[in-house]
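The chain contents come next:
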Amino acid sequence: MQGCCRGQRLKAAAIFFFGHPAMPRIALIATIMLAVSGAGPAYADCDARLGPGVDWSGCDKYKIVLAGRDLSDAKFSRIELSRGDLQGANLARADFTEASLSRVRFSKANLSGANLTKAALDRCDMSNADLTGAILIKAELHRSNLTGSSLAGATLTLAELGRAKLPKADLSNAKFDGADLARADLRMAIFAGTDLTGADLYLTRITGTDLSTAIGLSQAQVDRACGDTTTRLPAGLTAPTAWPCTFDEDAP
């Protein structure tokens with residue numbers, strides 16, 4: 001029966017092919033393939049029941065409250081979730097690629113292994129969140145609060161963290177290569193094995209911070225940062241004669 005139906009679809013496609021000589025060649029091929037396979041475009045079910053592995057890719061869930069929910073392995077790529085509440089939610093290994101997440105509450109959420117590549121995370125509350133091993137390549141985290149969060153082993157290559165707050169955050173073995181950390185607050189953050197190659201540290205707060213085991217840190221970066229006598233630097237680097245420190249929270 002399946003072979004019969006497939007043959008009928010192929011026949012219909014052939015009739016369509018020869019009946020429309022002006023159709024572009026690529027469109028004709030796609031039409032025939034679709035007719036033969038019976039396949040069509042797949043879309044996420046935006047009304048799907050919540051739970052681990054739910055697929056809400058591309059859906060609009062503005063201001064939704066999902067605090068404390070188990071959404072591990074969920075698919076949220078390109079979702080609109082701004083101003084939502086996901087406090088304490090289990091989002092382990094969730095896919096937030098290119099998602100709109102501005103001002104979302106992620107405090108104490110489990111985002112370990114989550115993919116947040118190119119996600120818009122401006123002004124989010126991610127305090128005390130678990131972002132261990134998370135991928136935040138080119139993520140936008142302007143003015144976000146990551147105080148006390150774990151970013152151990154996370155990848156933040158080329159991420160935007162201007163004025164972000166990361167006091168006492170665990171950044172061990174994380175990658176911040178090429179990241180924008182201008183005016184960010186890194187006081188007393190853990191930098192064991194952290195890669196800061198090419199990161200922008202303009203007026204970045206590193207007072208009381210131990211950077212002695214950080215990787216890729218240069219003298220030029222240190223000279224632009226804001227430390228004090230309690231700041232520890234890698235061997236070969238020295239504190240500037242005068243740290244260029246200003247802390248205007250409302251400045252652009």
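Residues numbered from 1 in each chain as written. Predicted model: local features only at pLDDT ≥ 70, side-chain atom pairs only at ≥ 80, totals over all residues. Heavy atoms only, no water.

**Concerning the overall build of the protein chain**
(1) Moving on: What the protein chain contains, in helices and strands, is three helices and zero strands.
(2) Moving on: The proportion of buried residues among the 252 residues of the protein chain is 43%.
(3) Moving on: Looking at the protein chain alone, contacts between residues at least 24 apart form 5% of all its contacts between residues at least 6 apart.
(4) Moving on: Taken as a whole, the protein chain presents about 12,700 Å² of accessible surface, with 54% of it coming from carbon and sulfur. (Helix = DSSP H or I, 4+ residues; strand = E, 2+ residues; numbered from the N terminus. Buried < 20%, exposed > 50% of the residue type's maximum accessible area, 1.4 Å probe, protein only. Contact = heavy atoms within 4.5 Å. Areas by Shrake-Rupley, 256 points an atom, 1.4 Å probe, with all protein chains shown as cover.)

**Describing the state of the cysteines**
(1) Moving on: Taken as a whole and assessed by the stated rule, the structure comprises two disulfides.
(2) Moving on: Across the disulfide from C226 sits C245; the S-S distance is 2.1 Å. Of this pair, C226 sits in the segment after α3 (219–224) while C245 is found in the segment after α3, placing the two residues 19 residues apart along the sequence.
(3) Moving on: On the accessibility criterion, C226 (0% relative accessible area) is buried.
(4) Moving on: Here the cysteine-cysteine linkages of the protein chain are recorded as 1-2, 3-4, numbering only bonded cysteines and doing so in sequence order. (Disulfide = S-S within 2.5 Å.)

**Here's the deal with unusual backbone geometry**
Peptide bonds are, in most cases, trans, and in most cases residues other than glycine have a negative phi.
(1) Moving on: Even without being a glycine, N128 presents a positive backbone phi close to 55°.
(2) Moving on: Tracing the sequence through the fold places N128 in the loop between α2 (25–37) and α3.
(3) Moving on: Of note in this structure, R143 is not a glycine but carries a positive phi near 60°.
(4) Moving on: On the secondary structure map, R143 appears in the loop between α2 and α3.
(5) Moving on: Overall, the relative accessible area of 28% leaves R143 in the partly exposed class.

**Digging into the confidence of the model for the protein chain**
(1) Moving on: Looking at the protein chain as a whole, the pLDDT averages 86, with 80% of positions reaching at least 70.
(2) Moving on: Taken as a whole, residues 1–23 scores under 50 in pLDDT and shows 16 contacts with residues more than four places along the chain or in a different chain. (pLDDT = per-residue confidence, 0-100.)

**Observations concerning the pattern of salt bridges**
(1) Moving on: Overall, the coordinates contain four salt bridges when judged by the stated rule.
(2) Moving on: Here R232 ties to D210 by a salt bridge, and the two come within 3.4 Å at their closest N and O atoms. Note that R232 is positioned in the segment after α3 and D210 in the loop between α2 and α3, a separation of 22 residues in sequence. (Salt bridge = Lys/Arg side-chain N within 4 Å of Asp/Glu carboxyl O.)

**Considerations on the environment of T241**
(1) Moving on: Mapped onto the fold, T241 is located in the segment after α3.
(2) Moving on: Considered as a pair, T241 and D223 are 18 residues apart in the sequence and their alpha carbons are 9.0 Å apart.

**Quick look at the side chain of T157**
(1) Moving on: Looking at the element boundaries, T157 is found in the loop between α2 and α3.
(2) Moving on: Since its relative accessible area comes to 16%, T157 is described here as buried.
(3) Moving on: Not counting chain neighbours up to four residues away, the residues in contact with T157 comprise L136, I137, K138, K175 and D177.

**A look at the packing of aromatic side chains**
(1) Moving on: Applying the stated criterion to the full structure yields three aromatic pairs.
(2) Moving on: On the numbers, 6.2 Å between centres and 50° between planes, the contact of W56 with F76 is tilted. Taken together, the positions of W56 in the loop between α2 and α3 and F76 in the loop between α2 and α3 put the pair 20 residues apart, joining distant regions of the chain.
(3) Moving on: For F76, a relative accessible area of 1% puts it in the buried group.
(4) Moving on: Where F96 meets F106, the ring centres are 6.1 Å apart and the plane angle is 85°; that geometry is what we call edge-to-face. In this pair, F96 is assigned in the loop between α2 and α3 and F106 in the loop between α2 and α3, connecting sequence segments ten residues apart. (Phe/Tyr/Trp six-rings, centres within 6.5 Å; stacked < 30°, edge-to-face > 60°.)

**Details of the environment of V222**
(1) Moving on: Residue position: V222 is located in helix α3.
(2) Moving on: By relative accessible area, which is 1% here, V222 ends up buried.
(3) Moving on: When the C-alpha atoms of V222 and I206 are compared, they prove to be 9.4 Å apart, with 16 residues separating the residues in sequence.
(4) Moving on: Non-local contacts of V222, meaning those with residues more than four positions away in its chain, are made with L217, L233, L237, T238, P240 and W243.

**Here we look at the environment of A74**
(1) Moving on: Structurally, the position occupied by A74 is in the loop between α2 and α3.
(2) Moving on: Along the backbone, A74 and G53 are 21 residues apart, and their C-alpha atoms lie at a distance of 4.0 Å.

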